[in-house]
Amino acid sequence: MKEKRLSSILFIIVFLCGSTSMAFRQRPQPCNHLVFYFHDVIYNGENAGNATSAIVAAPSWGNLTILSRLSRFGDMVIFDDPITSDNNLHSPPVGRAQGMYFYDKKEIFTAWLAFSFVLNSTNHKGTINFAGADPLLNKTRDISVIGGTGDFFMARGMATLSTDAIEGEVYFRLRVDINLYECY
Amino acid sequence: MKEKRLSSILFIIVFLCGSTSMAFRQRPQPCNHLVFYFHDVIYNGENAGNATSAIVAAPSWGNLTILSRLSRFGDMVIFDDPITSDNNLHSPPVGRAQGMYFYDKKEIFTAWLAFSFVLNSTNHKGTINFAGADPLLNKTRDISVIGGTGDFFMARGMATLSTDAIEGEVYFRLRVDINLYECY
Amino acid sequence: MKEKRLSSILFIIVFLCGSTSMAFRQRPQPCNHLVFYFHDVIYNGENAGNATSAIVAAPSWGNLTILSRLSRFGDMVIFDDPITSDNNLHSPPVGRAQGMYFYDKKEIFTAWLAFSFVLNSTNHKGTINFAGADPLLNKTRDISVIGGTGDFFMARGMATLSTDAIEGEVYFRLRVDINLYECY
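As a starting point, this report considers the structure included with it. All of these numbers come straight from a predicted model, not from anything done at the bench.

## Considering the packing of aromatic side chains
All names here are of chain A.
For step 1, the next point in the chain: A complete count under the given rule lists 51 aromatic pairs over all chains for this structure.
For step 2, the next point in the chain: With a centroid separation of 5.8 Å and 65 degrees between ring planes, the pair formed by Y101 and F172 is classed as edge-to-face. With Y101 in strand β4 (residues 95-103) and F172 in strand β9 (residues 171-182), the pair connects residues that are 71 residues apart, well separated along the chain.
For step 3, the next point in the chain: Of the residues examined, Y101 reaches a relative accessible area of 4% and is grouped as buried.
For step 4, the next point in the chain: Exposure remark for F172: the relative accessible area of 14% places this residue in the buried category.
For step 5, the next point in the chain: Through successive ring pairs, a cluster of aromatic residues spans F36, F38, F79, Y101, Y103, F109, F115, F117, F130 and F172.

## Some thoughts on a nonpolar patch on the surface
All names here are of chain A.
For step 1, the next point in the chain: Together, I108, F109 and L137 give the surface a local cluster of nonpolar side chains, amounting to about 260 Å² of exposed area.
For step 2, the next point in the chain: Looking at the element boundaries, F109 is found in the loop between β4 and β5 (111-120).
For step 3, the next point in the chain: Residue classification places F109 among the partly exposed positions, given a relative accessible area of 31%.

## Re the interface of chain C and chain B
For step 1, the next point in the chain: Across the contact, 50 residues belong to chain C and 43 residues belong to chain B.
For step 2, the next point in the chain: Carbon and sulfur atoms supply 65% of the area buried between chain C and chain B, which totals about 3,600 Å² over both sides.
For step 3, the next point in the chain: Its largest share of buried area at the contact with chain B, chain C owes to F153(C), M154(C) and Y184(C), together 19% of the area lost on that side.
For step 4, the next point in the chain: The interface formed by chain C and chain B contains two salt bridges.
For step 5, the next point in the chain: Among the ionic pairs, K105(B) bridges to D80(C), the shortest N-O distance being 3.0 Å.
For step 6, the next point in the chain: In this assembly, chain C and chain B are joined by 14 residue pairs in polar contact (both at pLDDT 80 or more).
For step 7, the next point in the chain: Looking at the side of chain C that touches chain B, the elements with two or more residues in it are α1 (2-20), β2 (53-57), β3 (76-84), β4 (95-103), β5 (111-120), β7 (141-150) and β9 (171-182) of chain C.

## Some remarks on the side chain of S116(C)
For step 1, the next point in the chain: Positionally, S116(C) belongs in strand β5.
For step 2, the next point in the chain: Residue S116(C) is classed as buried on the basis of its relative accessible area of 0%.
For step 3, the next point in the chain: A polar contact is formed between the side chain of S116(C) and the side chain of W112(B), at a distance of 2.8 Å.
For step 4, the next point in the chain: Dropping the residues within four chain positions of it, S116(C) is found in contact with W112(B), G132(B), A133(B), R96(C), A97(C), Q98(C), I128(C) and N129(C).

## Considerations on the pairing of β5(A)
Residue and element names in this part refer to chain A.
For step 1, the next point in the chain: Counted residue by residue, β5 has eight buried out of 10 residues, so it is predominantly covered.
For step 2, the next point in the chain: By the bridge criterion, nine bridges tie β4 to β5 in an arrangement that is antiparallel. When the sheet's bridge partners are listed, Q98 is paired in β5 with S116.
For step 3, the next point in the chain: Pairing between β5 and strand β6 (residues 125-134): 10 bridges, direction antiparallel. Bridged to L119 within β6 is G126.
For step 4, the next point in the chain: Connecting β5 to the antiparallel partner β6 that follows it, the hairpin turn spans four residues.

## Focus: the side chain of N179(A)
Residues and elements named next belong to chain A.
For step 1, the next point in the chain: Its location among the elements puts N179 in strand β9.
For step 2, the next point in the chain: Assessed through its relative accessible area of 19%, N179 is described here as buried.
For step 3, the next point in the chain: Leaving out residues up to four positions away in the same chain, N179 has contacts with P30, N32, H33, R156, G157 and M158.

## Looking at the interface of chain A and chain B
For step 1, the next point in the chain: With 43 residues of chain A in contact, the opposing surface of chain B contributes 50 residues.
For step 2, the next point in the chain: Of the roughly 3,600 Å² buried between chain A and chain B, counting both surfaces, carbon and sulfur atoms make up 65%.
For step 3, the next point in the chain: At the boundary of chain A with chain B, the tally comes to two salt bridges.
For step 4, the next point in the chain: Taken together, the elements giving at least two residues each to the side of chain A that touches chain B come down to α1 (2-21), β4, β6, β7 (141-150), β8 (156-167) and β9 of chain A.
For step 5, the next point in the chain: For the side of chain A that touches chain B, the element with the highest residue contribution is α1(A), accounting for eight residues.

## Structural notes on the environment of T84(B)
Residue and element names in this part refer to chain B.
For step 1, the next point in the chain: Relative to the assigned elements, T84 resides in strand β3 (residues 76-84).
For step 2, the next point in the chain: By relative accessible area, T84 is classed as buried at 0%.
For step 3, the next point in the chain: Along the sequence, T84 and F38 sit 46 residues apart, while their C-alpha atoms lie 6.2 Å from each other.
For step 4, the next point in the chain: Of the polar contacts made by the side chain of T84, one reaches the side chain of H39; its length is 2.8 Å.

## Some thoughts on the environment of T163(A)
All names here are of chain A.
For step 1, the next point in the chain: With respect to the secondary-structure elements, T163 resides in strand β8.
For step 2, the next point in the chain: Between the C-alpha atoms of T163 and L67, which are 96 residues apart in sequence, the distance is 19 Å.
For step 3, the next point in the chain: If we ignore the near neighbours within four places in the chain, the residues touching T163 are L136, K139, R141, R173 and L174.

## Let's talk about the state of the cysteines
Residue and element names in this part refer to chain B.
For step 1, the next point in the chain: Tallying each qualifying case throughout the model produces three disulfides over all chains.
For step 2, the next point in the chain: Across the disulfide from C31 sits C183; the S-S distance is 2.0 Å. Across the disulfide from C31 to C183, rotation about the S-S bond amounts to roughly 85 degrees, and the bridge is consequently right-handed. A residue pair is termed long-range when its members are at least 10 positions apart, and C31 in the loop between α1 (2-20) and β1 (32-41) and C183 in the segment after β9 (171-182) qualify at 152 residues.
For step 3, the next point in the chain: When its relative accessible area of 19% is taken as the criterion, C31 is described as buried.

## Comments concerning unusual backbone geometry
Peptide bonds are trans in most cases, and residues, glycine excluded, mostly fall at negative phi.
Residues and elements named next belong to chain A.
For step 1, the next point in the chain: In this structure, R72 takes a positive phi of about 60 degrees despite not being glycine.
For step 2, the next point in the chain: You can call R72 buried: its relative accessible area is 13%.
For step 3, the next point in the chain: We note that M154 has phi near 60 degrees; this positive angle belongs to a residue other than glycine.
For step 4, the next point in the chain: With respect to the helices and strands, the residue M154 is situated in the loop between β7 and β8.
For step 5, the next point in the chain: The class of M154 is buried, set by a relative accessible area of 1%.

Here is what the cut-offs are and how they apply
- Residues numbered from 1 in each chain as written.
- Chains lettered and ligands numbered in written order.
- Predicted model: local features only at pLDDT ≥ 70, side-chain atom pairs only at ≥ 80, totals over all residues.
- Heavy atoms only, no water.
- Phe/Tyr/Trp six-rings, centres within 6.5 Å; stacked < 30°, edge-to-face > 60°.
- Helix = DSSP H or I, 4+ residues; strand = E, 2+ residues; numbered from the N terminus.
- Buried < 20%, exposed > 50% of the residue type's maximum accessible area, 1.4 Å probe, protein only.
- Patch = residues over 30% accessible without salt bridge, like charges linked within 9 Å, V, L, I, M, F, W, Y side chains within 5 Å.
- Areas by Shrake-Rupley, 256 points an atom, 1.4 Å probe, with all protein chains shown as cover.
- Salt bridge = Lys/Arg side-chain N within 4 Å of Asp/Glu carboxyl O.
- Contact = heavy atoms within 4.5 Å.
- Buried area = accessible area lost by both parts, 1.4 Å probe.
- Polar contact = N/O pair within 3.5 Å; in protein donor to acceptor, adjacent residues only side chain to side chain.
- Pairing = 2+ DSSP bridges.
- Disulfide = S-S within 2.5 Å.

Geometric values such as these leave the question of function open.
The structure is reproduced here in structure tokens:
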């Protein structure tokens, strides 16, 4: 009788253990939460000294120094932007955001991003890699953390973007709320 | 005696449980399967109203309104294509496929893709992010699901692409069979 | 008494099992290690026959046949490079490295990469997808393995890049040390 009860308990345990290797999982709590800001100064033909990014591709109706008509559809920008811990462009940078974004919709402003945070400060050394759609007229947008190195070895998670400031066609600042759900 | 048997059973259980956190895993069953179609109408200089994509970069021997010689090597296209549940361009869209592809081989047609499905229907709200090589002359091609948001929080898996229709140099329709192996 | 001890053991087991599904994990041993070399011959206006890559985008101050001033900032290259098992360009290729890189810093040489290894040999059939920052003046650089197909179904891990050879502005060879931490 006792044996029987024992074996059913064991069966349940094995089932529970097994289920952790199965694909359907409970939505977990973040194992790491980080907040950063990065600052993009787009080259406009006159700010070569300050610019941290430049348009490198555009459709046939566009050009490489002024963002296009049609909600900038097809304009691709490569950037190397300073990352700060707060929203001040002049705070000491903790790393660089390096990658690209492009505008991908004719009717409204929408972008797509692929980039890395290359962090090099006393607190964080390593990279976090991101990719995803950025419907930038929304107050917040979620993209994927697709990997990481160094302190962020094999990281996975989500990053919530919000536009913290925008100045004409030259400057914007993004707040990035990173939630990692796989940490090592 | 009984104690001993018990402890060996426990040992096996702990071993089994432990192994789920190890790296080598059984190839799992999909936890979600989705099929969508997306429709790409490439800008060719004359179809600005209908076009959902445009060439934005090309090598020095190419240009931005006609796909290049040498199997279009180096042509990069940015797209914002409607997604439908069936293979009819005129079905109500369930979202947009947004991203880029580029042709990357001189001898034959081969592409590389990075894009998101931005789904917004009664059934699905969220994004799925994809990346991978697309040897488009093959009947089916596998790319990676590298992340997701919303209903597809932290998704990972594979997508099998097949060309469902192609009309000259202006229109193609891809069928995307998505198998997710990590669901939350 | 015995029952009590049993239940505490069971509790510990359940806890251990449960923890495998939690996010914080021990840094694992690689489940697969692979070393490859790939060879990039950049089109320079005169080597159309041999070239395996071409500049397809550049900022307004650049052009598409010569890499730009300012550490090539903004130059984007699409490639289809042979992969070999050793460091000899003339060894039989085991696959192709297909994707893009772009230079993204004004002051020094730094790149960002997104590409696939499309392997097709007696040993390996399948693709491995990579993305990440490549500060190419460093002796070694880590990027992320963000997915895979075929033999590399759902692979995740890290790749360590090192520049194995470089010849002027036309040829370079990268050594890629791949460590996979999720294998199926």
